[in-house]
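So the chains spell out like this:
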Amino acid sequence: MKRRAFITKGGILLSTITVGSNFVLTTSCSSDTVAELSGLVSAKEKRLLNELGAIIIPKTDTPGAKEAEIAEYMAVIVEDCYSDEDQEKFKLNLSNIEMKCSQMHNRSFLECSQGEREDLVMALEESDESYSSIKSFITSAYLSSKIGKTEFFDYYQVPGKYDGCSEKRPW
Amino acid sequence: MKNNTFDAIVIGTGISGGWAAKELCEKGLKTLVLERGRNVEHIVDYDDMVPSWETKYRGRVTNEDRRISPVQSGVYNYNERSKKYFVNDLDNPYIQDKPFEWARGYQVGGRSLIWGRQCYRRSELDFEANAKDGFGVDWPIRYKDIAPWYDYVEPIVGVSGSKEGLPHLPDGQFQPPMPMNCVEAEVSRRIKGKFSDGRMIIHGRTANHTLKIDDRGPCQYKGSCGAGHACSFGGYFSSNSATLPMAAKTGNMTLRPFSMVQEILYDKETQSATGVRVIDTETLEQREFFARIIFLNASTLNTTAILLNSTSDVFPTGLGNSSGQLGHNLMDMPYGMGARGTYEGFEDKFTFGRRPTGIFVPRFRNINKSTEQKDYVRGFTYQGGAGRGRKASEGFGRGYKDGLAEPADQWTMAITAWAEHLPYFENKMYLHKEKKDKYGMPVICVDCEFKENEAAMVDDMMNSAAEILEMGGLKNIETYNWEKIPGSCIHETGTARMGKDPQTSVLNRWNQMHDVKNIFITDGSAMCSSGTTPGPSITYMALTARAVDYAVKELNKRNL
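Let us look at the structure shown here.

Rules of the game
- Residues numbered from 1 in each chain as written.
- Chains lettered and ligands numbered in written order.
- Predicted model: local features only at pLDDT ≥ 70, side-chain atom pairs only at ≥ 80, totals over all residues.
- Heavy atoms only, no water.
- Helix = DSSP H or I, 4+ residues; strand = E, 2+ residues; numbered from the N terminus.
- Rg over C-alpha atoms; globule rule 2.2 N^0.38 Å.
- Buried < 20%, exposed > 50% of the residue type's maximum accessible area, 1.4 Å probe, protein only.
- Areas by Shrake-Rupley, 256 points an atom, 1.4 Å probe, with all protein chains shown as cover.
- Lys, Arg positive; Asp, Glu negative; His and termini not counted.
- Charge placed at Lys NZ, Arg CZ, Asp CG, Glu CD.
- Contact = heavy atoms within 4.5 Å.
- Buried area = accessible area lost by both parts, 1.4 Å probe.
- Salt bridge = Lys/Arg side-chain N within 4 Å of Asp/Glu carboxyl O.
- Polar contact = N/O pair within 3.5 Å; in protein donor to acceptor, adjacent residues only side chain to side chain.
- Pairing = 2+ DSSP bridges.
- Phe/Tyr/Trp six-rings, centres within 6.5 Å; stacked < 30°, edge-to-face > 60°.
- Lys NZ or Arg CZ within 6 Å of the ring centre and 35° of its normal.
- Core = buried A, V, L, I, M, F, W, Y, C linked by side-chain atoms within 4.5 Å.
- Axes fitted to C-alpha atoms, helices over the stretch in contact; angles between N-to-C directions.

1. Comments concerning the overall build of chain B
Link 1 in the chain: The secondary structure content of chain B amounts to ten helices and 17 strands.
Link 2 in the chain: For a compact globule of 560 residues, the expected C-alpha radius of gyration is about 24 Å, and chain B comes in at 23 Å, within 12% of that figure.
Link 3 in the chain: Sorting the 560 residues of chain B into buried and exposed places 67% on the buried side.
Link 4 in the chain: Accessible surface for chain B amounts to roughly 19800 Å². Of this, 49% is attributable to carbon and sulfur atoms.
Link 5 in the chain: Chain B carries 69 positive and 69 negative side-chain charges, and their two centres are separated by 3 Å.

2. Topic: the interface of chain A and chain B
Often the size quoted for an interface is simply the accessible area lost on bringing the parts together.
Link 1 in the chain: Across the boundary between the two partners, chain A contributes 64 residues, which contact 62 residues of chain B.
Link 2 in the chain: Both faces considered, chain A and chain B share a buried interface measuring about 5400 Å² in area, 62% of it formed by carbon and sulfur atoms.
Link 3 in the chain: Along the contact surface separating chain A from chain B lie three salt bridges.
Link 4 in the chain: Ionic pairing is found between A:D80 and B:K56, a salt bridge with its closest N-O pair at 3.6 Å.
Link 5 in the chain: For the pair chain A and chain B, the number of links is 27 residue pairs in polar contact (both at pLDDT 80 or more).
Link 6 in the chain: For the side of chain A that touches chain B, the secondary-structure elements that each account for two or more residues are α1 (2–6), α2 (10–17), α4 (43–56), α5 (70–81), α7 (114–127), α8 (129–143), α9 (146–152) and β1 (163–166) of chain A.

3. A few points about the environment of B:T412
All names here are of chain B.
Link 1 in the chain: Tracing the backbone shows T412 in strand β13 (residues 411–419).
Link 2 in the chain: A C-alpha to C-alpha distance of 16 Å links T412 and E467, two positions 55 residues apart in sequence.
Link 3 in the chain: With residues up to four places along the chain from it excluded, the contact list for T412 reads G341, T342, G385, A386 and G387.

4. What to know about the pairing of β13(B)
Residues and elements named next belong to chain B.
Link 1 in the chain: Burial analysis of β13 places seven of its nine residues in the buried class, which makes it a mostly covered element.
Link 2 in the chain: Sheet analysis places strand β9 (residues 335–343) next to β13, joined by eight bridges and oriented antiparallel. Following the sheet pairing, R340 is matched in β13 by A414.
Link 3 in the chain: Pairing analysis gives eight bridges linking strand β12 (residues 380–387) to β13, with the strands arranged antiparallel. Note that in β13 the partner of F380 across the bridge is A419.

5. Points about the packing of aromatic side chains
Residues and elements named next belong to chain B.
Link 1 in the chain: Within this structure, the stated rule accounts for 31 aromatic pairs over all chains.
Link 2 in the chain: One aromatic cluster is present, built from ring pairs that chain together W19, W115, W149, Y152 and F237.
Link 3 in the chain: Over the ring of W102 we find R104; its NZ or CZ atom is 4.4 Å from the centre of that ring.
Link 4 in the chain: Its end group placed over the ring of F350, R388 keeps NZ or CZ at 5.0 Å from the ring centre.

6. Re the environment of A:D154
Residues and elements named next belong to chain A.
Link 1 in the chain: Following the sequence through the fold, D154 ends up in the loop between α9 and β1.
Link 2 in the chain: Between the alpha carbons of D154 and L48 there is a distance of 28 Å; along the sequence they are 106 residues apart.
Link 3 in the chain: Those residues in contact with D154 that lie beyond four places of it in its chain are K149, K168, P170 and W171.

7. Side note on the side chain of B:E35
Residues and elements named next belong to chain B.
Link 1 in the chain: Counting through the fold element by element, E35 comes out in the loop between β2 (31–34) and α2 (63–68).
Link 2 in the chain: Lacking a salt bridge, the buried E35 has R36 as its closest oppositely charged neighbour, with an N-O distance of 5.9 Å.
Link 3 in the chain: Among the polar contacts listed, one links the side chain of E35 to the backbone nitrogen of G37, at a separation of 2.8 Å.
Link 4 in the chain: Excluding anything up to four places from it in sequence, E35 contacts G12, T13, Y106, Q107, V108, R256, P257, F258 and S259.

8. Points about the nonpolar core
Link 1 in the chain: Of all hydrophobic cores here, the largest spans 91 residues; its most connected members are B:I9, B:I11, B:V157, B:F237, B:I264, B:V276 and B:M541.
Link 2 in the chain: The element contributing the most residues to this core is helix α4 (residues 143–157) of chain B, with eight residues.
Link 3 in the chain: Residue contacts for B:I11: discarding those within four places in its chain leaves B:L34, B:V261, B:I264, B:V276, B:I294, B:F295, B:L296, B:N297, B:A298 and B:I306.
Link 4 in the chain: By size, the runner-up hydrophobic cluster in this structure holds 44 residues, among which are A:M74, A:C81, A:L94 and A:A141.

9. Some thoughts on the sheet that holds strand β15 (residues 442–447) of chain B
All names here are of chain B.
Link 1 in the chain: If you walk across this open sheet you meet the three strands as β3-β15-β14, and the pairing is mixed. Each edge of the open sheet is held by one strand with a lone partner, namely β3 (94–96) and β14 (428–436). Shown here is a sheet whose adjacent strand axes are inclined to one another by a mean of 30°, direction ignored.
Link 2 in the chain: One ladder, built from five bridges, connects β14 with β15; its direction is antiparallel. Within the sheet, the bridge partner assigned to K428 lies in β15 and is D447.
Link 3 in the chain: Against the sheet, helix α7 (residues 300–308) contacts β14 and β15, and its axis sits at roughly 55° relative to β14.

10. Concerning the sheet that holds β12(B)
Strands belonging to one sheet form pairs held by backbone hydrogen bonds; the direction of such a pair is parallel or antiparallel.
All names here are of chain B.
Link 1 in the chain: The antiparallel open sheet is built from six strands, whose spatial order is β4-β11-β12-β13-β9-β16. Either end of the sheet is taken by a strand with one partner, and the two such strands are β4 (202–203) and β16 (475–481).
Link 2 in the chain: When β9 meets β16, the two strands line up antiparallel, connected through five bridges. Bridge pairing in β16 links A339 to T479.
Link 3 in the chain: Packing of helix α9 (residues 452–471) onto the sheet brings it into contact with β9, β11 (359–361), β12, β13 and β16, and relative to β9 it is tilted by some 20°.

11. Considering α7(B)
Residues and elements named next belong to chain B.
Link 1 in the chain: In terms of residue burial, α7 counts as a mostly covered element, since nine of its nine residues are buried.
Link 2 in the chain: Every buried residue of α7 is accounted for by T300, L301, N302, T303, T304, A305, I306, L307 and L308.
Link 3 in the chain: Looking at the buried residues of α7, the elements they touch are β1 (5–11), β6 (259–267), β8 (286–296), β14, β15 and β17 (519–521).

12. Thoughts on the side chain of B:H209
All names here are of chain B.
Link 1 in the chain: Assignment of secondary structure puts H209 in the loop between β4 and α6 (239–249).
Link 2 in the chain: Side-chain polar atoms of H209 contact the backbone oxygen of V157, separated by 3.4 Å.
Link 3 in the chain: For H209, the residues in contact, after removing those within four places along its chain, are V157, G158, Q175, R216, P218, C219, G234, G235, Y236 and F237.

13. Some words on the pattern of salt bridges
Link 1 in the chain: Applying the stated rule across the entire model yields 52 salt bridges over all chains.
Link 2 in the chain: The salt bridge involving A:R169 is made with B:E406; its shortest N-O contact spans 3.3 Å. Taken together, the positions of A:R169 in the segment after β1 and B:E406 in the loop between α8 (398–404) and β13 put the pair across two chains.
Link 3 in the chain: Here B:E184 ties to B:R355 by a salt bridge, and the two come within 2.7 Å at their closest N and O atoms. Taken together, the residues span a long stretch of sequence, with B:E184 in helix α5 (residues 182–191) and B:R355 in the loop between β10 (350–352) and β11 at a distance of 171 residues. Per residue, the accessibility class of B:E184 equals that of B:R355, and both read buried.
Link 4 in the chain: Three or more residues joined by partner-sharing salt bridges are found here, namely B:D197, B:R199, B:R365, B:D460 and B:E467.

The structure is reproduced here in structure tokens:
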């Protein structure tokens with residue numbers, strides 16, 4: 001349905017222009033394939049995002065950021081929606097976090113234990129611009145994911161009514 | 001009947017073209033309905049039921065979107081899914097002599113798929129305004145001329161709203177209003193009777209249906225209309241959901257997508273239009289179609305462009321332009337000035353459902369002697385609402401995650417102004433002398449700005465909003481101004497205005513061209529003033545039904 005929508009009128013132009021970025025090679029709109037081949041956000045950076053996500057939004061009685069595979073979505077957004085400047089800033093933010101990690105623990109984030117990762121995030125929470133930018137991106141990626149929308153929140157696609165004075169949270 | 005000859009031709013399938021098609025077909029005329037874009041079939045072609053996480057960008061606008069549609073991608077409801085209802089700006093260039101955001105949707109249904117849906121009648125104050133303060137030409141009609149036609153179209157449109165008995169905001173044939181939430185209702189109660197100028201908060205009036213009309217609606221409060229995603233429940237009025245299916249049902253409509261009208265054909269012997277020259281937007285092939293009457297509903301700027309491009313030795317500067325007014329007096333509406341605040345109370349309450357409207361503050365400036373303003377003529381209204389968002393969570397881990405689901409400590413409420421834009425001759429559109437688009441149509445140039453009267457209202461719009469919120473008990477009040485450029489209200493009007501005098505106007509009181517009697521124009525281009533209250537579409541719809549009624553009577557009397 002969605003795919004068909006892309007390939008009407010304007011979509012014809014869209015798909016020819018994006019040939020180089022493997023868009024037309026994907027048989028579905030699965031963001032995995034696109035991001036994996038695109039290369040702007042590396043596989044390692046994606047693992048970092050998912051693991052950092054697991055510290056910030058862990059699995060509790062509902063799945064967390066890692067389970068929601070936030071990195072795949074984030075990579076697609078960075079690749080296709082970010083300006084050149086914002087793409088650079090994003091890459092820099094990730095490397096700043098890695099740098100802080102190696103200063104603190106002498107190893108990369110992915111090599112750190114759960115406790116070391118938490119210590120790092122605790123320190124970054126103090127006031128680190130690189131971290132807070134990535135954190136808010138991780139949060140929006142989680143909340144907009146299927147898991148975020150349907151398991152973390154309650155999802156009402158067709159509310160069917162408006163209650164302007166409801167006792168119950170609408171999410 | 002030859003396959004290129006019809007009783008009537010309608011150019012455009014947006015909100016007014018859909019009405020022209022329906023009315024003409026229901027009166028038994030074989031009607032050709034031309035649309036430059038592709039077909040969009042109600043429900044069948046919608047993707048509003050796809051969950052947002054299944055869309056690649058979850059709604060976001062891409063770099064590619066911004067490249068191919070630098071103007072459209074800035075429109076408030078342009079997003080990953082709605083973008084198919086907006087044009088590609090590279091393929092459809094126009095020139096901004098001054099900044100002008102021109103939102104366009106070239107498909108069957110036009111912008112009726114993505115419109116704001118608010119519906120407010122023009123009042124006697126609006127129809128008298130030009131004559132009273134001397135800006136523009138006098139409207140050739142008064143409220144009583146159009147009132148029965150509002151009565152006629154509203155039940156078919158399905159407008160929900162409340163009756164208030166205000167002379168400056170006439171009541172209509174409403175379905176029950178959508179409810180206010182608890183904060184809106186309380187603020188409305190608190191300000192009632194408190195302002196000497198009569199400021200009040202009422203229900204928004206919107207073409208979202210609270211009652212079912214045939215197979216349309218009622219609204220399911222899922223929010224897809226506001227996002228520009230159309231509605232598989234037919235919960236709001238569009239050409240696609242209502243008028244075009246009604247026209248099709250008569251068996252009298254021939255709908256022809258991919259058909260861009262470039263010129264209206266004129267016969268100087270009979271002094272009438274004979275038909276149209278169309279270019280197929282897929283093959284670039286040209287064709288001509290003929291009819292006894294033509295309804296031009298291509299949207300304000302395009303309607304006028306077609307006329308300006310239809311030149312002959314009788315009309316060297318454009319068809320029907322003996323007045324020299326064609327393309328001039330372009331208006332939009334300034335908007336985006338308002339105030340917001342926070343509300344203490346109802347902390348245990350929430351809203352459920354995505355309501356597609358809000359509250360409305362009717363005009364309260366220059367409505368009588370005691371509300372007369374020194375600095376400006378005309379006035380403004382507010383739209384807005386209250387809501388309860390979520391808290392900004394802090395920290396990380398389980399506590400942060402749990403916090404993301406916590407409601408904000410307080411409700412917030414905001415109201416934003418929409419104001420009148422006076423008709424100025426020098427605000428105009430015209431055709432570029434050399435540049436053409438890929439269909440061979442001259443490129444439209446727009447030269448339009450807000451002037452002194454619009455600027456003189458800005459502070460008042462912000463301050464009066466703050467006063468209303470303050471009286472309503474809100475705290476932490478801040479004013480704002482979005483500083484919108486002309487065009488961005490998407491209420492462009494006025495480039496082929498009605499009027500009493502053929503020397504100073506293009507259309508007569510029946511939306512009939514002074515110069516060429518079998519051409520009728522009932523989209524925004526016909527307007528003599530923008531009106532103080534937004535939601536102009538219901539007026540185009542009423543004018544269209546009225547004009548068709550007149551045109552068919554004239555046809556039957558053999559006057560056309």
